[in-house]
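Geometric and topological summary
Spelled out, the chains give:
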Amino acid sequence: MSSLHAHGQHDSRADLATAAQARLQEAGEQWTPLRATVFGALAGFDRPVSAYDVTDAVSTATGRRVAANSVYRILDLFVANNVASRVESANAFIANVHPDCPHDCIFLVCDMCGRATHIDDDRITGDVRAAASAAGFRPVRPVIEVRGVCAACS
């Protein structure tokens, strides 16, 4: 039986930021003003974006130039703690709409509009992990992406 499901998203960006803050603090990390600003900028986009897009948004929001390497480090911290996800094929990041739920992500990436829909299917990702293990490989974080055209663009 497949456990395909989509999670309920948080009602607002403030609610999502609160969930992201709680997740980081549970992991023993601090929720600094810069981290909050980076998360707010990332959550403000409706599609995966580059670290440079986030850097520009943070610089605009703070009224001062923020170093891209600082934003990269924060985004990497967010990914490591399930607060954001990385869409590998686009070299882009997206806020995780349910940071309190630790699933391997499957992204459906639209080649026309650039949006990425996140779904969870524990059966598929479990099969990928099992196949990797059977080949003598210790999987850490499966990345599954399906490129194509979303319903809105087709």
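Keep in mind that what you see is a predicted model, and the values were worked out from it rather than measured.

Here the second largest pocket is characterised by a volume of approximately 320 Å³. Forming the walls of the second largest pocket are 20 residues, and the residues nearest its centre are Val-79, Asn-82, His-103, Cys-105 and Arg-141. Mapped onto the lining of the second largest pocket, the elements with two or more residues apiece are helix H4 (68-80) and strand S2 (84-87). Sort the elements by how many residues they give to the lining of the second largest pocket and S2 lands first, with three residues. Among the residues making up the lining of the second largest pocket, the classes are represented as 10 nonpolar, four polar and six charged.

To continue, consider the nonpolar core. The biggest cluster of nonpolar side chains holds 23 residues, and the ones touching the most others in it are Val-38, Phe-39, Leu-42, Val-54, Leu-75 and Phe-78. Counting residues per element, the ones that place at least two in this core are helix H1 (13-26), helix H2 (33-43), helix H3 (51-62), H4 and strand S3 (92-95). With near-sequence residues (within four places) excluded, Phe-39 lies in contact with Leu-16, Ala-17, Ala-20, Trp-31, Phe-78, Val-83 and Ala-95.

Of the two faces of S3, both are covered, the one formed by Ala-92 and Ile-94 as well as the one formed by Phe-93 and Ala-95. Note: S2 against S3, four bridges, orientation antiparallel. Across the sheet, the residue bridging to Val-87 is Ala-92, located in S3. Adjacent in sequence and paired antiparallel, S2 and S3 are bridged by four residues, among which Asn-91 carries a positive phi angle near 50 degrees.

Positive phi values are uncommon outside glycine, yet Asn-82 reaches one of about 70 degrees. Locating Asn-82 in the fold gives a position in the loop between H4 and S2. Located in the positive-phi region is Asn-91, a residue other than glycine, with phi close to 50 degrees. For Asn-91, the position within the fold is in the loop between S2 and S3. Looking at Asn-91, the relative accessible area reads 41%, which means it is partly exposed.

The N-to-C vectors of H3 and H4 enclose an angle of 115 degrees; their axes lie 9 Å apart at closest approach. As the angle between them shows, H3 and H4 are arranged roughly perpendicular. Taken as a pair, H3 and H4 cross one another with a handedness that is right-handed. Packed against H3, whose contacting residues are Ala-51, Tyr-52, Val-54 and Thr-55, the element H4 presents Ala-68, Val-71, Tyr-72 and Leu-75 at the interface. Taken together, the residues of the contact of H3 with H4 break down into seven nonpolar, one polar and no charged.

Okay, H4 next. In this model, H4 (13 residues) spans 18 Å end to end at C-alpha, consistent with the 18 Å of a helix rising 1.5 Å per residue. On its buried face, H4 sits against H1, H2, H3, S2 and S3. Backbone geometry just after H4 places Asn-82 at a positive phi near 70 degrees.

For side chains of opposite charge, pairing can occur when their charged atoms come near one another. Inspection of the entire model under this criterion finds eight salt bridges. With its nearest N and O atoms 3.9 Å apart, the salt bridge here joins Glu-26 to Arg-23. Pair noted here: Glu-26 and Arg-23 are both in helix H1, with a separation of three residues, about one helical turn. One salt bridge connects Asp-127 with Arg-123, and the closest N-O pair in it is separated by 3.9 Å. Residue Asp-127 and its partner Arg-123 are located together in helix H5 (residues 122-134), separated by four residues, close to a single helical turn.

About the cut-offs
- Residues numbered from 1 in each chain as written.
- Predicted model: local features only at pLDDT ≥ 70, side-chain atom pairs only at ≥ 80, totals over all residues.
- Heavy atoms only, no water.
- 1 Å grid on protein atoms, 1.4 Å probe; cavity = no way out; pocket = protein on both sides within 12 Å on 5 of 7 lines; lining within 4 Å.
- Points joined across faces, edges and corners; volume = space filled by probe spheres on them.
- Helix = DSSP H or I, 4+ residues; strand = E, 2+ residues; numbered from the N terminus.
- Nonpolar A, V, L, I, M, F, W, Y, C, P; charged D, E, K, R; others polar.
- Core = buried A, V, L, I, M, F, W, Y, C linked by side-chain atoms within 4.5 Å.
- Buried < 20%, exposed > 50% of the residue type's maximum accessible area, 1.4 Å probe, protein only.
- Contact = heavy atoms within 4.5 Å.
- Pairing = 2+ DSSP bridges.
- Axes fitted to C-alpha atoms, helices over the stretch in contact; angles between N-to-C directions.
- Parallel < 35°, antiparallel > 145°, perpendicular 65-115°, else oblique.
- Left-handed = near helix turned anticlockwise from the far one by under 90°.
- Expected span 1.5 Å × (residues − 1).
- Salt bridge = Lys/Arg side-chain N within 4 Å of Asp/Glu carboxyl O.

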